[in-house]
Amino acid sequence: MVRQLGELENDIMTRVWQWNRPVTVREVLKDLRSEREIAYTTVMTVLDKLYRKGWVRRERAGRAYRYEPVSSREAYTAALMNDAWATSDNPAAALVHFFGMMSPEQREWLRDALRVAGADTEETRAPEAR
């Protein structure tokens, strides 16, 4: 089961995912300070916790560490969605409700994803494509 990231963990991981390269505490700190007051030790502690939880890997760079993501934001999001779905007593009904909340654009993304995953069937195609 994937634990949802806390607010500060998510803010830090968002940067790590977006930059898509090894980053230092100082780089993350500088960017976060454009939005809030935050201490170097706070960012260092959160990155260390993310490392211990398996979200980032690190390698030494002089006296500091460089951190990079272990997996993508998309993989994290998919794991959260799967965990949420697995908690339902009626997964089919949960999916029906979820699909009902989707915009037409999101449903098109779902159809595209099903095609990419090889699950494209007559039922998953848009009515105009049948």
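This text follows the structure it describes.
Rules of the game
Residues numbered from 1 in each chain as written. Predicted model: local features only at pLDDT ≥ 70, side-chain atom pairs only at ≥ 80, totals over all residues. Heavy atoms only, no water. Core = buried A, V, L, I, M, F, W, Y, C linked by side-chain atoms within 4.5 Å. Buried < 20%, exposed > 50% of the residue type's maximum accessible area, 1.4 Å probe, protein only. Helix = DSSP H or I, 4+ residues; strand = E, 2+ residues; numbered from the N terminus. Polar contact = N/O pair within 3.5 Å; in protein donor to acceptor, adjacent residues only side chain to side chain. Contact = heavy atoms within 4.5 Å. 1 Å grid on protein atoms, 1.4 Å probe; cavity = no way out; pocket = protein on both sides within 12 Å on 5 of 7 lines; lining within 4 Å. Points joined across faces, edges and corners; volume = space filled by probe spheres on them. Nonpolar A, V, L, I, M, F, W, Y, C, P; charged D, E, K, R; others polar. Patch = residues over 30% accessible without salt bridge, like charges linked within 9 Å, V, L, I, M, F, W, Y side chains within 5 Å. Areas by Shrake-Rupley, 256 points an atom, 1.4 Å probe, with all protein chains shown as cover. Salt bridge = Lys/Arg side-chain N within 4 Å of Asp/Glu carboxyl O.

Examining the nonpolar core
Moving on, step 1. Counting 20 residues, the largest nonpolar core has Ile12, Val43, Leu47 and Leu50 as its most contacted members.
Moving on, step 2. Looking at this core, the elements with two or more residues in it are helix 1 (7-19), helix 2 (25-32) and helix 3 (40-52).
Moving on, step 3. Here this core takes 5 residues from helix 1, the largest share from any one element.

Brief notes about unusual backbone geometry
Moving on, step 1. The phi angle at Asn20 is positive, at roughly 50°, despite the residue not being glycine.
Moving on, step 2. Looking at the element boundaries, Asn20 is found in the loop between helix 1 and helix 2.

Some thoughts on the side chain of Arg15
Moving on, step 1. You can see Arg15 is positioned in helix 1.
Moving on, step 2. In terms of polar contacts, Arg15 uses its side chain to reach the side chain of Glu35, at 2.8 Å.
Moving on, step 3. With sequence-adjacent residues up to four places away left out, Arg15 is seen in contact with Val28, Asp31, Leu32 and Glu35.

Notes on the layout of surface pockets
Moving on, step 1. There is about 460 Å³ of room inside the largest pocket.
Moving on, step 2. Considering the residues around the largest pocket, the lining is formed by 14 residues, among which Met81, Phe98, Phe99, Met102 and Leu110 are closest to the centre.
Moving on, step 3. Of all the secondary structure elements, the ones that give two or more residues to the lining of the largest pocket are helix 4 (73-86), helix 5 (91-101) and helix 6 (104-116).
Moving on, step 4. In terms of residue class, the lining of the largest pocket is built from 11 nonpolar, 3 polar and no charged.
Moving on, step 5. Quantified by volume, the second largest pocket comes out at close to 170 Å³.
Moving on, step 6. For the second largest pocket, the full set of lining residues is Val25, Tyr40, Met44, Asp48, Arg58, Arg60, Arg63, Ala64, Tyr65 and Tyr67.
Moving on, step 7. Of all the elements in the fold, those that place two or more residues in the lining of the second largest pocket are helix 3, strand 1 (56-61) and strand 2 (64-69).
Moving on, step 8. Residue composition of the lining of the second largest pocket, grouped by class: 6 nonpolar, no polar and 4 charged.

Re a nonpolar patch on the surface
Moving on, step 1. Side chains of Met81, Phe98, Phe99 and Met101 sit close together on the surface and give an oily, nonpolar patch of about 410 Å² of accessible area.
Moving on, step 2. With 3 residues, the top contributor of residues to the nonpolar patch is helix 5.
Moving on, step 3. Within the fold, Phe98 resides in helix 5.
Moving on, step 4. Looking at Phe98, the relative accessible area reads 36%, which means it is partly exposed.

So, to be careful, I would describe these as geometric facts and stop short of saying anything about function.
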